[in-house]
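What the coordinates show
Letter by letter, the chains look like this.
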Amino acid sequence: MVYVGVDVGATYIRVGLVSEDGSIINKVKTRQPMSGDENTVANVIIKSIRDLTGGGNIDGIGIGSIGPLDLREGIVPWAPNAPIKRFKLVEPIIREFRVPVVLGNDAMAAVWGEYLFGVGRSVNNLVYITFSTGIGAGVIVDGHLLVGKDGNAHEVGHMVVDVNSEIQCGCGGYGHWEALGSGANVPRIIREFVKGKSYRSRLYDRLVRGEYVSTEEVFQAYYEGDELARDFIDNYLMRVHAAGLANVMNAYDPELVVLGGSMALNNVDLFRRGIEKYLKKYLAVKPARIEFTRFGDDIGILGAAALAIKVPESLKTYVEQYSRKYLG
């Protein structure tokens, strides 16, 4: 049996064909369209699936998408980090391919992929956290995938980690973990961080001149020993991430936390060392074991397909609703 996994990120859309045992047969990556209507994202996905299958049969489609979601309607009503803010997913795709479609948050899909095929296989209390453009999580408690009333029971990036912060998140709130630590926000956070400070640092000199400094450049400067980058990452960014992870552990009491996303996977040793330095300061429960996904960027595709390979009990009602509503 062959399934399709669709990973809808803020920057890229990844689509893959996946076998029942979790092996990725083929895949394609496309940039998120910069403009369009509510059907544009689905049309990109449909084309990618057609290109991969060549008209061959598929047994189901799983979609892991950035959120927040509206699972009842099968849409993303407002995506803070994506070019197109509101878009349909389920309706156009299920009408086109006439097979079951399972929709979940991208990190929700990833945790299900880890649960079925990865380092979290059969771990009944498991969290997956992605550090990328945004910060999100998928959560399994006592073997049950958490969903929530709209599909957003895992929007941990919008946990408040600093009640005094005046930094506004893309969702409109203040002091959120994502606003203070995600890949999309590091460039503006470091500009705030240096106010009233002085460093012997090329990175600092660039910021003083008003130059834009990317997240990748901040981490590169860290590895080059830049004084500002070292202070910012060691003494601010890693504390933010440790506080966020502590919130997750305190809330869900997982046995294992799996980390993924480009920011974490490109800096594994730094993340492990930095988080361990501060984590216990914020914890009220026994710390969970921390691992990093072994699937790299493919965890999005694999996790999405996993939703269709073995549909979680907490999503079956929505899958049945989609079939009744759009297939008759």
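Refer to the structure printed above.
The text that follows walks through the structure, step by step, so that each part is easy to find. Note that the coordinates shown come from a computational prediction; the quantities given were computed from them, not determined experimentally. (Residues numbered from 1 in each chain as written. Predicted model: local features only at pLDDT ≥ 70, side-chain atom pairs only at ≥ 80, totals over all residues. Heavy atoms only, no water.)

Here Thr 53 is to be found in helix 1 (residues 40–53). Discounting residues that sit within four places of it in the chain, Thr 53 has contacts with Leu 17 and Ile 58. (Helix = DSSP H or I, 4+ residues; strand = E, 2+ residues; numbered from the N terminus. Contact = heavy atoms within 4.5 Å.)

Moving on: the pattern of salt bridges. Applying the stated criterion across every chain, the model contains 18 salt bridges. Two residues, Asp 150 and Arg 72, come together in a salt bridge whose shortest N-O distance is 3.0 Å. Placement of the pair is Asp 150 in the loop between strand 10 (144–145) and helix 4 (177–181) and Arg 72 in the loop between strand 4 (60–65) and strand 5 (75–76), with a sequence separation of 78 residues. A relative accessible area of 22% means that Asp 150 is categorised as partly exposed. (Salt bridge = Lys/Arg side-chain N within 4 Å of Asp/Glu carboxyl O. Buried < 20%, exposed > 50% of the residue type's maximum accessible area, 1.4 Å probe, protein only.)

Okay, the nonpolar core next. Core analysis: the biggest nonpolar cluster contains 67 residues, and Val 6 and Ile 61 have the highest contact counts within it. When residues in this core are grouped by element, the largest group, nine residues, is from helix 3 (residues 106–117). Filtering out sequence-adjacent residues up to four positions away, Ile 61 remains in contact with Val 4, Val 6, Ile 49, Ile 93, Phe 97, Val 99, Pro 100, Val 101, Val 102 and Ala 308. Counting 53 residues, the second largest nonpolar core, distinct from the first, contains Ile 135, Ile 233, Met 263 and Ile 275. (Core = buried A, V, L, I, M, F, W, Y, C linked by side-chain atoms within 4.5 Å.)

The next thing to look at is the pairing of strand 7 (residues 101–105). Summarising burial for strand 7: five of the five residues are buried, a large majority. Examined bridge by bridge, strand 4 and strand 7 share five bridges and lie parallel to one another. Within strand 7, the position partnered with Ile 61 by the bridge is Val 101. (Pairing = 2+ DSSP bridges.)

Bringing unusual backbone geometry into the picture now. Cis geometry marks the peptide bond from Gly 67 to Pro 68, where omega comes out at 0°. Relative to the helices and strands, Pro 68 is located in the loop between strand 4 and strand 5. Positioned with a positive phi, Ser 122 is a non-glycine residue whose angle comes to about 65°. Following the sequence through the fold, Ser 122 ends up in the loop between helix 3 and strand 8 (126–131). Residue class for Ser 122 comes out exposed when judged on its relative accessible area of 55%. Despite not being glycine, Asp 142 shows a phi value in the positive range, around 55°. Note on placement: Asp 142 falls in the loop between strand 9 (135–141) and strand 10.

It is the contact of helix 8 (residues 227–252) with helix 10 (residues 268–282), at a shortest axis distance of 7 Å, that shows an interaxial angle of 60°. Comparing the axis directions of helix 8 and helix 10 gives the class oblique. The two elements helix 8 and helix 10 cross, and the hand of that crossing is right-handed. Note on element contacts: helix 10 touches helix 8 through Leu 270, Phe 271, Gly 274, Ile 275, Lys 277, Tyr 278, Leu 279, Lys 281 and Tyr 282, opposite Ile 233, Asp 234, Asn 235, Met 238, Arg 239, His 241, Ala 242, Ala 243, Leu 245, Ala 246, Met 249 and Asn 250. Looking at the contact of helix 8 with helix 10, its residues break down into 13 nonpolar, four polar and four charged. (Axes fitted to C-alpha atoms, helices over the stretch in contact; angles between N-to-C directions. Parallel < 35°, antiparallel > 145°, perpendicular 65-115°, else oblique. Left-handed = near helix turned anticlockwise from the far one by under 90°. Nonpolar A, V, L, I, M, F, W, Y, C, P; charged D, E, K, R; others polar.)

Let's shift gears to the sheet that holds strand 2 (residues 12–19). The strand order across the open sheet built from five strands is 3-2-1-4-7, with neighbouring strands paired in mixed fashion. At either margin of the open sheet sits one strand with a lone partner, and together these are strand 3 (24–31) and strand 7. Across the sheet, the mean angle separating the axes of adjacent strands is 15° when strand polarity is ignored. Taken strand by strand, helix 1 contacts strand 1 (2–8), strand 2, strand 3 and strand 4, and its axis lies near 35° from that of strand 2.

For the rest of this paragraph, the subject is the sheet that holds strand 11 (residues 256–260). Spatially, 10-9-8-11-12 is the arrangement adopted by the five strands of the open sheet, whose pairing is mixed. The open sheet is flanked by strand 10 and strand 12 (289–292), the only strands paired with a single partner. Bridge analysis of strand 8 against strand 9 gives six bridges, and the strand direction is antiparallel. Bridge pairing in strand 9 places Ile 129 opposite Ala 137.

A separate point is the packing of aromatic side chains. Applying the stated criterion to the full structure yields eight aromatic pairs. For the pair Phe 193 and Phe 232, a centre-to-centre distance of 5.3 Å together with 70° between the ring planes defines the contact as edge-to-face. Linking Phe 193 in helix 5 (residues 186–193) with Phe 232 in helix 8, this pair joins segments that are 39 residues apart in sequence. A relative accessible area of 0% means that Phe 232 is categorised as buried. Note on Phe 193: relative accessible area 12%, which makes it buried. Across the ring face of Trp 78, the terminal group of Lys 85 is positioned such that the distance to the ring centre comes to 5.8 Å. It is Arg 230 that lies over the ring of Tyr 222; its NZ or CZ is 4.3 Å from the centre. (Phe/Tyr/Trp six-rings, centres within 6.5 Å; stacked < 30°, edge-to-face > 60°. Lys NZ or Arg CZ within 6 Å of the ring centre and 35° of its normal.)

None of this, on its own, says anything about what the molecule does.
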